[in-house]
Amino acid sequence: MDNYAKLWLEYSPKGKNKDCKLLKNIVFGGTASDRIIENAKKELTLGLKGMLDITPVITVNFDEAAGKKPEQTALSSGKEILDSEEYTVFIKDESLCISSKSSTGILYGAFDILRTVASEKDVETVYADDKTVRPSNPLRMLNHWDNMDGSIERGYSGKSFFYENNEIVINERTVDYARLIASVGINAVVINNVNVKQAASYMITDRYFAKLAELGEIFAGYGIGLYLSLNYASTIEIGGMDSADPLDEGVKAWWKEKMAEVFKKIPTLKGFLVKADSEGRPGPFTYGRTQADGANMLADIAKEHNALIIWRCFVYNCRQDWRDKKTDRARAGYDNFMPMDGDYHDNVILQIKNGPMDFQIREPISPLFGGLKKTNQMLEVQIAQEYTGQQIDLCYLIPMFKEILEFKTYCNGGTKTSDLSDKECSDGTVTGSEGWSDIEDIGGNGSVKPDSCDTVADIISGKTFNSRFSGIAAVTNTGNDFNWTGDYLAGANLFGFGRLAFSTGLSSGEIAEEFIRMTISNDRDVVDTIKDILLPSRAIYEKYTCPLGIGWMVKPNTHYGCSVDGYEYDRWGTYHRADHLGLGVDRTDKGTGYALQYNEPNASVYNSPEKCPDELVLFFHHLPYTHVLHSGKTVIQHIYDSHFEGYAEAEQLAAKWETLRDKIDKDIFDNVSERFTRQLYNAREWRDQVNTYFHRISGIEDEKGREIY
Ligand code: GCV
């Protein structure tokens, strides 16, 4: 037995397509042959042999080129990446053909075919009409928070498979990891924690160059760009200087020399991710400089090497006095980054967490999306389930990511349609803007199309503002556990993130079904049962944890398990402000003013307790327990009901899983069963602690008279 699971690349025997002649002759057309093409051939050969006992003849036919173009370069714009990674699978003369302008596109086409076969769909039907797929987002990235000692910050599935004892480990698993993530369309990976400390600071030195170069080559063979997290204060920590001031000529000179060395030694390196001025990490603020000063200094030098600087917007005061009700952590991202919109150089991308706080089960969307109009942007989500069950409690996150991507920012409010060029937006309308300068014309006389091409999906795909670079990143949930993600079903988040990043139009159900079919079983009952388990799991987790968008209430440090006041008197800016009359944070114009950071009409909706959606009402408002929600329930009754329901529904998930006992692989069954046992314990604690806390503090009885302690 292998010492780790192959997940959706298991390629076990399948019943359908056994006699499909098309799979015996496969033609790659449209690009030069290289190692990616070789890997695509290898993958198809392995997969079709394993699943159907077919050994395909694979021909590389340059004459089939639909528009032969060279591979993209490191600094190809987002649009160039999308053009090159698009692929078509079609049938011609008894052969199945894949065409693309890049070999990466061919590889994606190969994985498309393998997905079709693994899910037991009929190949002839699926490709009867040409199937063309264009990725939704240029950069589709995973961020590892792996440390060089082998630990993983917020890791819930074992240790790092990249590092051991401060050394980089490269083995067969490294290659299989590249295959797994390329198969779902990931094209960029940051391999070290954003908190760059100790040995990791030396990644940009001789000590690690050889291994990093080797790793970069493996990734490149699967169309994946290698990125490193950078210690902003490297000049001090490894350069022996006394400053990291971005405007200091000595600092610039050091970086110039350092980057020349790094890019020479690691030729596949595509850029750096930087966490600066955040949670104790150094940054330009120390020198009275802006975030733009810091990012641009590095970017100007990186540009000489065709590389990107991805700069995180997770900058806030983590030393807040809990008594201080004026300071609002939710405001910090916007306050720190909006004033410099337009100042960031064109190879800088700002990476923005989906919410203004920190990956809670429910948050509003960061107002930087729709605020920033002249800056390259990426969305950061977290599939490591730090606050969403830690890969013990089930939480299929794709429905949440879809909500985030579909959020309307109204950033085009006032853009003249006369300025719009032809672009297909997420809502199906055709719109767009020729360039950033058009946006400055807002308020003109042209006919106004206020709600088009303005979702988060539109922005990060690059369409809304014609951004040069953009995309989506997930803090990954992988480790060296046998099944990579601790809970087998958490694999649906890894698989699903990649699929959603590549094809944002897919539904949560379609993605879940693909995952189940490819990883667990094609049996209709099994597929339906697991879909019924995955799809409501996020809503269930939300019900038994933090009510109505307030967030936190977790045990400090570990972030798993209920502790209603765990962060209430701490320095992190994460408060629920409950007293005997009510709870919630006043973020309206009468409170911290955060609600006003949104474009209209979102600002007015969030600013009003009557209009604000129930699920976010305590994020924006401090309300009495007797306040009546849109649902018709009072806040306190909602708390009681959702917690009783959440636990009961978690029990139902576990019961449904139990029906699969003899229908699926025993290891998978046992692994998930064990997780459900732990989830039920956790959910019961949450239910009873939250209900008891608010019953005691409010003195209001549950109208259904259930047991509260
Ligand atoms: C990598 C949260 C997490 C930290 C993490 C940080 C970040 O605060 O708890 O572990 O640090 O986010 O995103 O940088």
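Residues numbered from 1 in each chain as written. Predicted model: local features only at pLDDT ≥ 70, side-chain atom pairs only at ≥ 80, totals over all residues. Heavy atoms only, no water.

Asks: Could you clarify how one ought to interpret the packing of aromatic side chains in this entry?
Replies: To describe a pair of aromatic rings, one takes the distance between the centres and the angle between the planes. Evaluation of the coordinates by the stated rule reveals 33 aromatic pairs. When the ring of F263 is compared with that of F272, the centres are 5.7 Å apart and the planes differ by 70°; the resulting orientation is edge-to-face. We classify F263 as buried; its relative accessible area is 9%. You can call F272 buried: its relative accessible area is 1%. Ring-pair connections join several aromatic residues into one group, and the members of that group are Y4, F161, F162, Y163, Y177, F219 and W484. A cation over a ring is seen here: R173 above W484, with NZ or CZ 4.1 Å from the ring centre. The aromatic ring of W572 is capped on one face by R571, whose charged end is 4.2 Å from the ring centroid. (Phe/Tyr/Trp six-rings, centres within 6.5 Å; stacked < 30°, edge-to-face > 60°. Buried < 20%, exposed > 50% of the residue type's maximum accessible area, 1.4 Å probe, protein only. Lys NZ or Arg CZ within 6 Å of the ring centre and 35° of its normal.)

Asks: Please explain helix α6 (residues 206–220) as it appears in this structure.
Replies: Given 3.6 residues per turn, any residue in an α-helix points the same way as the ones three and four places further on. End to end, α6 covers 21 Å across 15 residues, agreeing with the expected 21 Å (1.5 Å per residue, within 8%). In this structure, the buried residues of α6 make contact with α1 (35–52), β8 (167–168), α5 (172–183), β9 (188–190), β10 (225–230) and α8 (249–265). (Helix = DSSP H or I, 4+ residues; strand = E, 2+ residues; numbered from the N terminus. Expected span 1.5 Å × (residues − 1). Contact = heavy atoms within 4.5 Å.)

Asks: What is the right way to read the domain arrangement of the chain from this model?
Replies: How big an interface is tends to be reported as the loss of accessible area on association of its parts. The domains assigned to the chain are domain 1 (11–133), domain 2 (139–504) and domain 3 (541–585 + 622–698). Look at where the C-alpha atoms of domain 2 and domain 3 centre, and you get two points 30 Å apart. At the junction of the two partners, domain 2 supplies 32 residues and domain 3 supplies 31 residues. In this assembly, domain 2 packs against domain 3 so that about 2,800 Å² is buried in total across both faces, 55% of it on carbon and sulfur atoms. Where domain 2 meets domain 3, there are one salt bridge. When the shortest N-O distance is used, the salt bridge between E542 and R362 registers 2.8 Å. At the boundary of domain 2 with domain 3, the tally comes to 22 residue pairs in polar contact (both at pLDDT 80 or more). When its residues are assigned to classes, the side of domain 2 that touches domain 3 shows 11 nonpolar, nine polar and 12 charged. (Domains from an automatic or database assignment. Buried area = accessible area lost by both parts, 1.4 Å probe. Salt bridge = Lys/Arg side-chain N within 4 Å of Asp/Glu carboxyl O. Polar contact = N/O pair within 3.5 Å; in protein donor to acceptor, adjacent residues only side chain to side chain. Nonpolar A, V, L, I, M, F, W, Y, C, P; charged D, E, K, R; others polar.)

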